[in-house]
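# Commentary on secondary and tertiary structure
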Amino acid sequence: MALPKKKISRVRGRTRRAHSAVKMLGLVLCTNCQQPKPAHIACPQCGFYGNKKVLNTKTDKRIAARLKRDQAAAARKAKTESNKKAAPKSAPKKSSATKAPKGQAKKDSDKK
Ligand SMILES: [Zn+2]
């Protein structure tokens, strides 16, 4: 196992470690949403890099899922409404349909 040949003095070790401190991130404001973000990195909030959409963020996925849900709900609602509309229309149609053939039948019978 490799071992140090000599003891490193307190000062020498501390001098070396003087540069290993964690530095602050260079934060800049996002051009799209004005949120602070690390420089040269796509915005984690909105997924924009410069003025281009690059990332699909969690919020985007949530919005897409919500849109899909809403569209499905709207489609279901429209279907039920159309069924409801069709049902009352069909009921009078049935009566009219029943009346019309009678008239036709009468006409037919008159013709005969
Ligand atoms: Zn942003």
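Residues numbered from 1 in each chain as written. Predicted model: local features only at pLDDT ≥ 70, side-chain atom pairs only at ≥ 80, totals over all residues.

Secondary structure assignment for the protein chain yields 2 helices and 4 strands. The buried share of the protein chain, reckoned over its 112 residues, is 3%. Across the protein chain, contacts joining residues at least 24 apart in sequence account for 0% of those joining residues at least 6 apart. (Helix = DSSP H or I, 4+ residues; strand = E, 2+ residues; numbered from the N terminus. Buried ≥ 20, exposed ≤ 12 C-beta atoms within 10 Å, placed from the backbone. Contact = placed C-beta atoms within 7 Å.)

Another point: the confidence of the model for the protein chain. On average, residues of the protein chain carry a pLDDT of 82, and 78% of them reach 70 or more. Confidence, expressed as mean pLDDT per element, reaches its minimum in the protein chain at helix α2 (residues 58–111) with 73 and its maximum at helix α1 (residues 10–17) with 96. (pLDDT = per-residue confidence, 0-100.)

Along the chain, the position of Gly-26 falls in the loop between α1 and β1 (27–29). Judged by the 9 C-beta atoms lying within 10 Å of it, Gly-26 is exposed. Among residues more than four places away in sequence, those in contact with Gly-26 are Pro-38 and Ala-39.

Here the phi dihedral of Gln-34 falls at roughly 65 degrees; this positive angle occurs in a residue that is not glycine. When you line up the elements, Gln-34 lands in the loop between β1 and β2 (36–38). Positive phi, close to 65 degrees, is recorded for His-40, a residue that is not glycine.

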